[in-house]
Amino acid sequence: MNKQSRRDFLATGAALWATSLIPVSVRAEAGAAILQETDGIAIALGYKKIASDVDTSKYPKRAGAAGATQFCSNCRLYSAKANGMGGCSAIPNKLVAGQGWCNAWIPMA
Ligand code: SF4
């Protein structure tokens, strides 16, 4: 093994070792993309990143005074992360807006 390949081997090994120390859930979050309203699952669930943009004639669940209090940030499936974004257990590996909403919204227990 020449000097360069040994250095590459050690660097790769160190990177793999360091990665193995990070919990899988953290690694998944680090790579999570922001859910776009145009994503198929977002369309299917009626997701809007700004909850007030929801068409309440199509999604009456968010209509009225009670509906207007529903946001991702107070949904049981939401887990807050940084910058007003969070994970959603209904939409794996994507970040949703805390101020968003979708038709799968469930109140906190
Ligand atoms: S299930 Fe809850 S957290 Fe997930 S997108 Fe819908 S309202 Fe937001």
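Quick caveat, the model's predicted, so the values are computed rather than measured.

Caption draft 1: Geometry of the site of the ligand. Around the ligand, a shell composed of Tyr 47, Cys 72, Cys 75, Leu 77, Tyr 78, Cys 88, Cys 102, Ala 104 and Trp 105 is seen. Among the residues making up the shell around the ligand, the classes are represented as 9 nonpolar, no polar and no charged.

Caption draft 2: Representation of the environment of Ile 41. Mapped onto the elements, Ile 41 comes out in helix H3 (residues 40-45). Accessibility expressed as a relative area gives 35% for Ile 41, which makes it partly exposed. Along the primary structure Ile 41 and Ile 91 are separated by 50 residues, whereas in three dimensions their C-alpha atoms are 7.7 Å apart.

Caption draft 3: Region of interest: the sheet that holds strand E1 (residues 33-34). Taking strand neighbours across the sheet as the criterion, the 4 strands line up as E1-E4-E3-E2 in an open arrangement whose pairing is mixed. Both edges of this open sheet fall to E1 and strand E2 (78-80), since each of them pairs with a single strand only.

Caption draft 4: Fine view of the pattern of salt bridges. The full count for this structure, using the stated rule, is 2 salt bridges. Here Glu 37 makes a salt bridge to Lys 48, at a shortest N to O gap of 3.8 Å. Highlighted residues: Glu 37 in the loop between E1 and H3 and Lys 48 in the loop between H3 and helix H4 (64-67), separated in sequence by 11 residues. Residue Lys 48 is classed as partly exposed on the basis of its relative accessible area, which comes to 28%. The partner of Asp 39 in a salt bridge is Lys 94, with the nearest N and O atoms 3.5 Å apart. Here the residue Asp 39 occupies a position in the loop between E1 and H3, and Lys 94 occupies one in strand E4 (residues 91-97), the gap between them amounting to 55 residues.

Rules used throughout
Residues numbered from 1 in each chain as written. Predicted model: local features only at pLDDT ≥ 70, side-chain atom pairs only at ≥ 80, totals over all residues. Heavy atoms only, no water. Near = heavy atom within 4 Å. Nonpolar A, V, L, I, M, F, W, Y, C, P; charged D, E, K, R; others polar. Helix = DSSP H or I, 4+ residues; strand = E, 2+ residues; numbered from the N terminus. Buried < 20%, exposed > 50% of the residue type's maximum accessible area, 1.4 Å probe, protein only. Pairing = 2+ DSSP bridges. Salt bridge = Lys/Arg side-chain N within 4 Å of Asp/Glu carboxyl O.

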